[in-house]
Amino acid sequence: LSIRPVLSDPEKQRGRSAAVAIAALVIAAGIPLWWKTTETYRAWLPAARIGELEALQLELRVEVEVVFARGTLSPEQQKKVPASRITYESCCKSKSLCLVEADHALHTLTETSCGSVVIYIIPEASALLPQDMRVYVGRSRTALLRSQVASVVGAGLPEVLAALDPQMEQVLQTMSFNHQDVTAALTDRLRPGLSTRDSLADSMRAFKSSPGYEITFSLLNPDPKHHQLHWDVEAALDAYIYPLLHKMAPVANFSVDSQILYYAVLGVNPRYDASASAYTLSADSLAHVINPVEARLGSNAASSNPVLNFLLYVPDSLHSPLIIRNDQKQEVASNAFHSPRWGGIMVYNVDGAYGNDTQFPVDIAIDMSRVMGVFLSQLRLMLGFQQTGAPPGFVLEAAGREGVAEWELDRLLWSRSVENVATASASITSLAQLLDQIANIVINDNIAQQVASAVTALQAAVAELEAGNLALALEHSREAISASERAFFDPSLLHLLYFPDDQKFAIYIPLFLPMCVPILLSLLKIFREVQQHRAEKRAKRD
Amino acid sequence: MTYVSLLSPVVCVCVSHFVLIGRTSAFLLLHQARAERFFRSDHTNNWAVLVCTSRFWFNYRHVANTLSVYRSVKRLGIPDSHIVLMLADDMACNHRNPKPATVFSHKNMELNVYGDDVEVDYRGYEVTVENFLRVLTGRLPPSTPRSKRLLSDDHSNILIYLTGHGGNGFLKFQDSEEISNVELADAFEQMWQKRRYNELLFIIDTCQGASMYERFYSPNLMALASSQVGEDSLSHQPDLAIGVHLMDRYTFYLLEFLEDIHPASQANMNDLFKVCPKSQCVSTPGHRTDLFQRDPGSVLITDFFGSVRKVEITMETINLTVPGIPLERFGGEPHTETALAYVDQLPVAQIIHQKPKQKDWHPPDGFILGLWTLILLVFFRTYGIKHLKHIF
C-alpha cells in the first residue's frame, strides 16, 4: 500500500472538474485560436479557370473579302454574288506606277479592319499585272490575284471558290500568318526542333513582346578635332521614325532619345586594304566592336524596358574611309550591321566631303535620309517585321517612307497576340503551381485581383482571336500579360519562409509540450478513476 | 461580297520545292550561312551575378575572389550594366588595410583587383539572402534602379558565382543568415518558368560546395564547385604585409586559366573542368552537367564569361531619299527656339533685400492646446471653480 495524500471527496471532485475544464478550454478554444493566428493569409484564386488555361486551344480567324472583277466570272455565277458597282478608270503613263495607283484607289474604296484581308480577283488577260506576276500585295491590306479559273463553265460559286482556295491560302499565309510564324511566336513554350532554323533566327533577332521599348540614337565622333558633325536628328526622327512608332502604338510604348559621344572608339583596329584604298572591317571582327562602346552608352535608369541602340560611327580622319566586308570579302552596300536584340551600327564615311588642305575642323552635315534608311530597316528587323521571303510569282510592295505596310503590321499583331496569350497563360499557371506548392506564402488581395483580371483578359483575348477582331484581341492580350507579370513579379511573393517540417516541430514542441503533458496526464488519471469507480459499482451491484 | 473565313493556322508550304532565280538563291545561301552562325549557341546576351557572402577583415579572400572574377568577366566583354555585383565592400577602406583603396589578389601586391572602375551594385548590409533571391527571381520593388536588376530574357546566358563560408547544403550570408540548396534550386526553377535564362553556369567556391548544386532540377544548368561534400576549400596564400589570406585556391587557379582566355578564344568547358586538380587544390572540385542540354565540349568559355555578340550584316535598306521633297514634321508645328539661361546659383538680390516673410497663421496645434488645457485645469482645481465666472 503506498501512502497517498488523502483528499476529501468534494475536493477531489473540484480538482477533477478543474482539470476537465482546462482541458476543454485548451482543446475547444486554444487549438482553433492557435490554428487561426498562425495561418497565412491566402486570398482566393480562381483555380478552376486557371486549370482550364493549361489546356488552352487557340483558334485564329482571318476575315477575308473576295472581290471578283468584271470578266472573272460567267454571268450565271455573277448573279449569285451580291454585286456592287466599283468603277475604276485610270490613265496611267507607266506600268509600275499604274499598279501603285490602282492599289491606292482600291484601298480608299473599301474599309478594312485590323486583321482582315481583301483579295481582288482580276481576269487572266488583264494588263494591270505584268506577265510573270501572279499576285500583287499592296501597302494596305489588299492583294490583287490573277485568276486562273476564269470561267469554269457550269460550275457554281462554291466550286469557283474551292478552285481559288490554294491560291488564296498562299496569299493569306504571306499576308497574315502561317504555321511557322505561330510556332516562332511560341518558341520558348514548345519543344525544340519544332520550328525551322530561319524562324528561330528571326525569333532570336526580334525583341520579345514588352510593354515598352527605349530607342537610343547615338552619334559617335572619335575625332572632334577634324570633324565637326551636324546631324538634324530631331527632324529626321519626326519624318522617318515617328510614323512607324505611331503605327506601332497598339503594340507597345516607345521612348526615343539621342546623344552624341565624343572620343568614342571602336574596339577593333581596321586593316588597311591597298586594293580598295580603304580601311576594312571583316565580318568576324564585328562581333567585338559592340562591347567597348556599350559601356559608354548608358540607359534610362528609371525603366526596365529593353533598349534598342542605333549607333552612327563617323571614322576619324586617319582611318577614313572605313568599309565593312562580309564573309565573301565583298563590300556591303549599307556599310552597316546589327546585333540581335541589341540594335545596329552604321559606319558613315565623310572623307569625300573635304580635301587635304582644308581648315580643320571641317563642318560636315550628315545626310540623315541615308542614315535613317538603314536605321529604319534595322529597326523593323528588331521590332519583329521579318524579311518575308515572298513565294514565286508574288510581288510585295515595299513600305517605303511609311515604314511599314498595314498587312505587315497585321502579321506582327497576330504573332504578338499569340505570344502574349501564351506567355500570360504560362505565367498564370506557373504562379498558381508555385502558390500551391508552398503552403505558407501569403497571397495578398492585390495579387488575387491581378490574377483574376489576367484570367478574364486572357479569356477575352482568346474569344476575340476566335472572332477575328485582331485589334481588340491584341489589347486584351496586352492587359493579360501586364496583369500576369505584375502578379508573378510582386515583391511580396518571396518564399523565404521556407520552414521544413522538422523546424516547425522544433519550434512548437518546447512551447506546447510542457503545457500539454500535465493536462494529458490529469485527463488520463480522471479517466482511470472513472473506470475504477464504474468497476467498483458493478462489483457492488453483483 | 463573299466572306471566307479561315479557321486555325494551316500547314506551311515548303518553299524549297520551287525553282529559284539566281539572285534569290544567293540570298538564300547567305541566309543559311547566317542561320548557321546563330545556332552554334542560342544566346544573344550575357549576364553575370557575382556574390561575395562574407564580411569582416579576415574574409579578405572572398572579396578578392569575387573581384578577380569580376575583372575577368569585364575584360572578356560583359559590360557593367549586365553585371550584378554583390559585395560587402568593407575591405578597401577598412581600417586594418595597410594599403587603403586596394584589394590585392596576389601576394607581394602584384595585382590590385579593386582598381578605379569597380561598380558594386549591392554593398554592405544589402547583401542578404532576400536580396539575392529577389535579384534572381526578379521580384524587386518597383523603385529598384536598372543597375540593381537582372534584366535577362530567354536568350541570356547567365554566370552565377558564389563565394564565402558554406556547409553541407547551405551557404552563410554575412554571418547572420543562410541560404539552403533547396531555396537556390527553387529560385532557379522560378527563373526557368519565366524563361529568365537560356543557359546558366553556376560556380561556387566554398567549403562543401558540391552540396549546393545537388538539388538543382531545372534544365540548362551547369554547375562547378570547388570541393565535395565533407571537404573544405582551402585558401591559397597569405600576404605577410597585409596579414590575411589573399585568395582561395580554386578561384586562384580559375583566374590563371581565365587570364589565357581572350574574347575570340575557342577554349571549351572541358578545359574548365580540369582547372585545379586535387594536387593543386587539396580539395576535389566537382561539376554537374546532367541538366545541361549541349555537350560541354561544344560550350565555349566565352559563352558565359565573355560577351561575344552575334552580328548580322544589314543587307536591306529602305530608300528614303526622294529628291525635292522636304522633311515634313510629324505631329504639329515646329517649336521655336527659346533662349536658355542659367538659373542664379546664389540669389544675391533676395539675400540683400530680405524682408521677413509673411508666415500664414495656423491655429494652435494639439500640443499647445493640451498644455493650456492642463494649466487651466490645474488652476481651477487649486483655486476652485468660482473663478470661472470671472473669465466667461
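Parameters and conventions
Residues numbered from 1 in each chain as written. Chains lettered and ligands numbered in written order. Predicted model: local features only at pLDDT ≥ 70, side-chain atom pairs only at ≥ 80, totals over all residues. Heavy atoms only, no water. Helix = DSSP H or I, 4+ residues; strand = E, 2+ residues; numbered from the N terminus. Buried < 20%, exposed > 50% of the residue type's maximum accessible area, 1.4 Å probe, protein only. Contact = heavy atoms within 4.5 Å. Areas by Shrake-Rupley, 256 points an atom, 1.4 Å probe, with all protein chains shown as cover. UniProt positions renumbered as here; feature names shortened; annotations may be inferred. Polar contact = N/O pair within 3.5 Å; in protein donor to acceptor, adjacent residues only side chain to side chain. Pairing = 2+ DSSP bridges. Axes fitted to C-alpha atoms, helices over the stretch in contact; angles between N-to-C directions. Patch = residues over 30% accessible without salt bridge, like charges linked within 9 Å, V, L, I, M, F, W, Y side chains within 5 Å. Salt bridge = Lys/Arg side-chain N within 4 Å of Asp/Glu carboxyl O. Parallel < 35°, antiparallel > 145°, perpendicular 65-115°, else oblique. Left-handed = near helix turned anticlockwise from the far one by under 90°. Nonpolar A, V, L, I, M, F, W, Y, C, P; charged D, E, K, R; others polar. Disulfide = S-S within 2.5 Å. Core = buried A, V, L, I, M, F, W, Y, C linked by side-chain atoms within 4.5 Å.

Engineer: Would you mind showing me how to read the overall build of chain A here?
Structural biologist: Looking only at helices and strands, chain A has 14 helices and 15 strands in total. Looking at chain A as a whole, 49% of its 542 residues qualify as buried. Counted over contacts in chain A with a minimum sequence separation of 6, partners at least 24 positions apart contribute 79%. By element, 57% of the accessible surface of chain A is carried by carbon and sulfur atoms, the whole surface being about 27200 Å².

Engineer: It is not clear to me how unusual backbone geometry should be interpreted in this structure. Could you clarify?
Structural biologist: Trans is the prevailing form of peptide bonds, just as negative phi is the prevailing case for residues other than glycine. Each neighbour pair has its own omega, and for Ser-320 of chain A with Pro-321 of chain A the value is -15°, a cis peptide bond. Within the element layout of this structure, Pro-321 of chain A appears in the loop between strand 10 (307–313) and strand 11 (322–324). With omega at -5°, the peptide bond leading from Phe-360 of chain A into Pro-361 of chain A counts as cis. The backbone of Lys-329 of chain A shows a phi angle near 65°, a positive value even though the residue is not glycine. Among the secondary structure elements, Lys-329 of chain A is positioned in the loop between strand 11 and strand 12 (336–339). Unlike most non-glycine residues, Ala-101 of chain B shows phi in positive territory, near 65°. Tracing the sequence through the fold places Ala-101 of chain B in the loop between strand 3 (83–87) and strand 4 (122–123).

Engineer: Would you take a moment to explain the UniProt feature "active site" (unreviewed entry) in chain B for this structure?
Structural biologist: Residues and elements named next belong to chain B. In this numbering, the UniProt entry assigns the feature "active site" (unreviewed entry) to His-165 and Cys-207. In three dimensions, the annotated residues from a span of 43 residues occupy one location, with a maximal C-alpha spread of 6.4 Å. Looking at where His-165 falls in the secondary structure, it is placed in strand 6 (residues 165–167). Looking at His-165, the relative accessible area reads 26%, which means it is partly exposed. Polar contacts involving the side chain of His-165 include one to the side chain of Asn-59, which spans 2.8 Å. Considering the arrangement of structural elements, one finds Cys-207 in the loop between strand 9 (199–205) and strand 10 (221–225). Residues in contact with Cys-207, not counting those within four places in the same chain, are Gly-166, Gly-167, Ser-227, Glu-231, Asp-232 and Ser-233.

Engineer: Is there a simple way to think about the sheet that holds strand 8 (residues 177–180) of chain B in this case?
Structural biologist: Through backbone hydrogen bonds, the strands of a sheet pair up, either in parallel or in antiparallel fashion. Residues and elements named next belong to chain B. Overall, antiparallel pairing links the three strands, which are arranged 6-7-8 in an open sheet. On the outer flanks of this sheet lie strand 6 and strand 8, each paired with one strand and no other. Ignoring which end each strand starts from, the neighbouring axes of this sheet average 30° apart. As defined by bridge partners, strand 6 adjoins strand 7 (residues 170–173) across three bridges and the pair is classed as antiparallel. In the strand pairing of strand 7, Gly-166 is matched with Leu-171. Against the sheet, helix 3 (residues 129–137) engages strand 7 and strand 8, with an angle of about 35° to strand 8.

Engineer: Please explain a nonpolar patch on the surface as it appears in this structure.
Structural biologist: Residues and elements named next belong to chain A. A cluster of nonpolar residues, Phe-505, Ile-509, Leu-513, Val-517, Leu-521 and Leu-524, forms a patch on the protein surface that exposes about 570 Å² of accessible area. Relative to the helices and strands, Val-517 resides in helix 14 (residues 501–541). Val-517 gets classed as partly exposed once you look at its relative accessible area, which sits at 38%.

Engineer: Help me out: how do you make sense of the sheet that holds strand 5 (residues 156–163) of chain B in this one?
Structural biologist: Residue and element names in this part refer to chain B. Spatially, seven strands are ordered 4-3-2-5-9-10-11 in an open sheet, and the strand pairing comes out mixed. This sheet does not close on itself; its edge strands, each paired only once, are strand 4 and strand 11 (286–288). Bridge analysis of strand 5 against strand 9 gives seven bridges, and the strand direction is parallel. Bridging from a neighbouring strand, Thr-163 pairs with Asp-205 of strand 9.

Engineer: So what exactly am I meant to see when it comes to the pattern of salt bridges here?
Structural biologist: Pairs can form between side chains of opposite charge once their charged atoms are near each other. Per the counting criterion, the structure on display carries 24 salt bridges over all chains. Between Asp-154 of chain B and Arg-341 of chain A there is a salt bridge, with its nearest N and O atoms 2.9 Å apart. One end of the pair, Asp-154 of chain B, is in the loop between helix 3 and strand 5; the other, Arg-341 of chain A, is in the loop between strand 12 and strand 13 (343–347), on a second chain. Salt-bridge contacts for Glu-126 of chain B lead to Lys-148 of chain B; the nearest nitrogen and oxygen are separated by 3.4 Å. On the criterion of sequence distance, the pair formed by Glu-126 of chain B in the loop between strand 4 and helix 3 and Lys-148 of chain B in the loop between helix 3 and strand 5 is long-range, its members being 22 residues apart. Judged by its relative accessible area of 31%, Glu-126 of chain B is partly exposed. A cluster of three or more residues bridged by salt bridges with shared partners is formed by Arg-141, Glu-406 and Asp-410 of chain A.

Engineer: Whenever I open this one, the environment of Thr-163 of chain B confuses me. Can you help?
Structural biologist: Residues and elements named next belong to chain B. Within the secondary structure, Thr-163 sits in strand 5. C-alpha of Thr-163 to C-alpha of Ile-204: the two residues are 41 residues apart in sequence and 5.8 Å apart in space. With residues up to four places along the chain from it excluded, the contact list for Thr-163 reads Val-51, Cys-52, Thr-53, His-62, Asn-65, Thr-66, Asp-205, Thr-206 and Asp-248. There is a polar contact of 3.2 Å between the side chain of Thr-163 and the backbone oxygen of Asp-205.

Engineer: In this structure, what is going on with the packing of helix 2 (residues 47–54) of chain A against helix 11 (residues 406–437) of chain A? I would like to understand it.
Structural biologist: Two quantities define a packed helix pair, namely the angle between the helix axes and the distance between the axes. Residues and elements named next belong to chain A. One way to put it is that helix 2 packs onto helix 11 with a least axis distance of 9 Å and a crossing angle of 130°. Classed by the angle they form, the pair helix 2 and helix 11 counts as oblique. As for how helix 2 packs across helix 11, the hand of that crossing is left-handed. Counting all contacts with helix 2, which are made through Ile-50, Leu-53 and Glu-54, the residues of helix 11 involved are Ile-428, Thr-429 and Ala-432. Across the contact of helix 2 with helix 11, the residue classes tally to four nonpolar, one polar and one charged.

Engineer: Could you clarify how one ought to interpret the state of the cysteines in this entry?
Structural biologist: In a disulfide, the sulfur atoms of two cysteines are held together by a covalent bond. Residues and elements named next belong to chain B. Within the structure shown, the criterion is met by one disulfide over all chains. Two residues share a disulfide in this structure: Cys-276 and Cys-281, whose sulfurs sit 1.6 Å from each other. Across the S-S bond of Cys-276 and Cys-281 the torsion is about 100°, and the bridge reads as right-handed. In terms of burial, Cys-276 and Cys-281 fall into one category: buried.

Engineer: Would you explain the environment of Phe-305 of chain B in this entry?
Structural biologist: Residue and element names in this part refer to chain B. Here Phe-305 is to be found in the loop between strand 11 and strand 12 (312–313). Overall, the relative accessible area of 1% leaves Phe-305 in the buried class. Separated by 116 residues in sequence, Phe-305 and Glu-189 have C-alpha atoms that sit 22 Å apart. Not counting residues up to four positions away in its chain, the partners in contact with Phe-305 are Val-73, Leu-76, Ile-78, Leu-159, Leu-201, Ile-203, Leu-258 and Leu-272.

Engineer: I'm lost on the pairing of strand 10 of chain A in this one. Help?
Structural biologist: Look at any regular strand and the pattern is simple: side chains alternate between the two faces of the sheet. All names here are of chain A. Counted residue by residue, strand 10 has seven buried out of seven residues, so it is predominantly covered. Side chains Val-307, Asn-309, Leu-311 and Tyr-313 of strand 10 all project onto a buried face; the interleaved residues Leu-308, Phe-310 and Leu-312 project onto the opposite face, where all are buried too. As paired strands, strand 5 (residues 212–221) and strand 10 are joined by seven bridges and run parallel to one another. Along strand 10, the bridge assignment pairs Ile-215 with Leu-308.

Engineer: Please clarify how the nonpolar core should be interpreted in this entry.
Structural biologist: Note on soluble globular proteins: their nonpolar side chains tend to be buried together. The biggest cluster of nonpolar side chains holds 80 residues, and the ones touching the most others in it are Phe-217, Ile-241, Met-248, Leu-312, Ile-366, Met-372 and Leu-379 of chain A. Looking at which element gives the most residues to this core, the answer is helix 10 (residues 368–383) of chain A, with nine residues. When sequence neighbours within four positions are dropped, the list of residues in contact with Phe-217 of chain A reads Trp-231, Leu-237, Ile-241, Val-256, Asp-257, Ser-258, Gln-259, Phe-310, Met-372 and Phe-375 of chain A. Listed in part, the 53 residues of the second largest apolar core include Val-63, Val-69, Phe-104 and Phe-304 of chain B.

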